[in-house]
Structures are given as structure tokens and as C-alpha cells.
Amino acid sequence: MKIAVVGASGMTGSRVVAESVSRGHHVTAVFRRTPPDFSHPDVEVVLGDVTDTGHMRAVFGGVDAVVGATRPAPGAEDTVAATVTALLDAAAGKRVLVVGGAGPLRSPSGGLVIDDPAFVPAAWRAIASASMSQLRACETHAGDWVYLSPPAMLEPGVRTGNYRRGTTTILTAEDGSSGISAEDLAVAIVDELENPSRDRHFTVAY
């Protein structure tokens, strides 16, 4: 496949690039600023801002799928809805996987994760709220998108190749924790691109 990864310098995006290349896919890695040097022959580096719809439409012209792995800077959480809408507009006709947040998932307590302090402490509420707006923007868009909610904890780690998959309810371990490494999140992302499901919103965790 030919996969475009927007936000390729981030924790998730960089690992999606690596996972995709390891499986033999060609990657267009999109950066907002001059990136570090990529020497792999199957990675094409492109500079671009996702809100520049015309430019991004041209970037996406030759790809099969797009991964949106952007994350707002602290204080800019209110930009996520416009950003994902611009991404979906630019990628019209392509399969788009949006890496979002855990906030919109259902909590074991019956409410939403965003309202459950066991998963979203006060310091994380702004970004969790942004994920709510992000998903709503996707739901109003006619594009071919799928929204991935990571678990409550997403951190750099090791690639095991193992994970559990769910839909709209957060997945937890026996001790109540909910997490996955960024490396295994990337595994789940590329799995979904290779074998698309019918789910519009899904989650993964250990």
C-alpha cells in the first residue's frame, strides 16, 4: 500500500511510519517543519500543514490511505475539529484513519471516559474534551473515515504485536488500568489499514 502519515514526527505517527515500512508499504511522511533525515527508500518526506487543503489534496493524490496522527499544542485544543475537517476534505475519496482520544469512549461506570476521573484527571480534561469535538466533526463528514480511540494511557514502549480490540467502550486490564504502547498502537493501525473493518469507531488496549 501507499500510506500517508500526517503528524509523522509525533509519538504515534513516527511509529506508524516505522510499522508501515517494516511491512513493505510505501509511506509519505508529512511534517509541518523540516524533519530529521529519513534514509529509507520507502519513505517520502513532504512538508505540509494539514489545514492547507489544496496542498494536502495534492499530497494525498497518489496514496491508498491516510493516517491522521496530529495532536494540538497545549492551549490549542479548540483547533482539533477544524483540523480534522480539513484533513477529511483534503483526503476525499481515500480511506482515512484518525487517531483520536479516549474521551468519547464509554466508561465501565456507564458514563463517558471524559467524565471518569479514574481515566481522565483534571489535567487531561482539555485534550479529552478536544477528542469529543474531533469525533463529532468526523461524524458530520461524509468521507471514508474510521476513528481510533487509544486507551487511557499511551506511552512509548515495546512492540509485542499483541493487543485487544473493542469498539466504543474503553478496554481495561484486570487491575482496572487501560493502556498500550505506542508501538503496539501502530500495529493496530496498520492492521486496520490492511484489513478494514466495518467499525467507524474502535479502540485497542492490552
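For the structure itself, look to the data block above.
This section reports on the structure supplied with the text. (Residues numbered from 1 in each chain as written. Predicted model: local features only at pLDDT ≥ 70, side-chain atom pairs only at ≥ 80, totals over all residues. Heavy atoms only, no water.)

This brings us to helix α1 (residues 11-22). Given a rise of 1.5 Å per residue, 12 residues ought to cover 16 Å, and the 17 Å separating the end C-alpha atoms of α1 matches this to within 8%. All of the buried residues in α1 are Thr12, Gly13, Val16, Val17, Glu19, Ser20 and Val21. Two residues or fewer past α1, Gly24 is found with a positive phi of approximately 90°. (Helix = DSSP H or I, 4+ residues; strand = E, 2+ residues; numbered from the N terminus. Expected span 1.5 Å × (residues − 1). Buried < 20%, exposed > 50% of the residue type's maximum accessible area, 1.4 Å probe, protein only.)

Burial analysis of strand β1 (residues 2-6) places four of its five residues in the buried class, which makes it a mostly covered element. Two elements, β1 and strand β2 (residues 26-31), share five bridges in a ladder whose sense is parallel. Note on β2: the bridge partner recorded for Ile3 is Val27. Across four bridges, β1 lies against strand β4 (residues 65-68) in parallel orientation. Bridge pairing in β4 places Val6 opposite Gly68. (Pairing = 2+ DSSP bridges.)

With respect to the helices and strands, His25 occurs in the loop between α1 and β2. There is a polar contact of 2.7 Å between the side chain of His25 and the side chain of Glu194. Excluding residues that lie within four positions of it along the chain, His25 makes contacts with Met1, Ile3, Ser20, Asp42, Val190 and Glu194. (Polar contact = N/O pair within 3.5 Å; in protein donor to acceptor, adjacent residues only side chain to side chain. Contact = heavy atoms within 4.5 Å.)

Our next topic: the pattern of salt bridges. Overall, the coordinates contain 11 salt bridges when judged by the stated rule. Across the salt bridge formed by Glu192 and Arg95, the nearest N and O atoms sit 3.0 Å from each other. In this pair, Glu192 sits in helix α5 (residues 182-194) while Arg95 sits in strand β5 (residues 95-99), placing the two residues 97 residues apart along the sequence. On the basis of relative accessibility, which here comes to 16%, the residue Arg95 falls in the buried class. As a salt-bridge pair, Glu192 and Arg165 come within 2.9 Å of each other at their nearest N and O atoms. A residue pair is termed long-range when its members are at least 10 positions apart, and Glu192 in helix α5 and Arg165 in strand β8 (residues 164-166) qualify at 27 residues. (Salt bridge = Lys/Arg side-chain N within 4 Å of Asp/Glu carboxyl O.)

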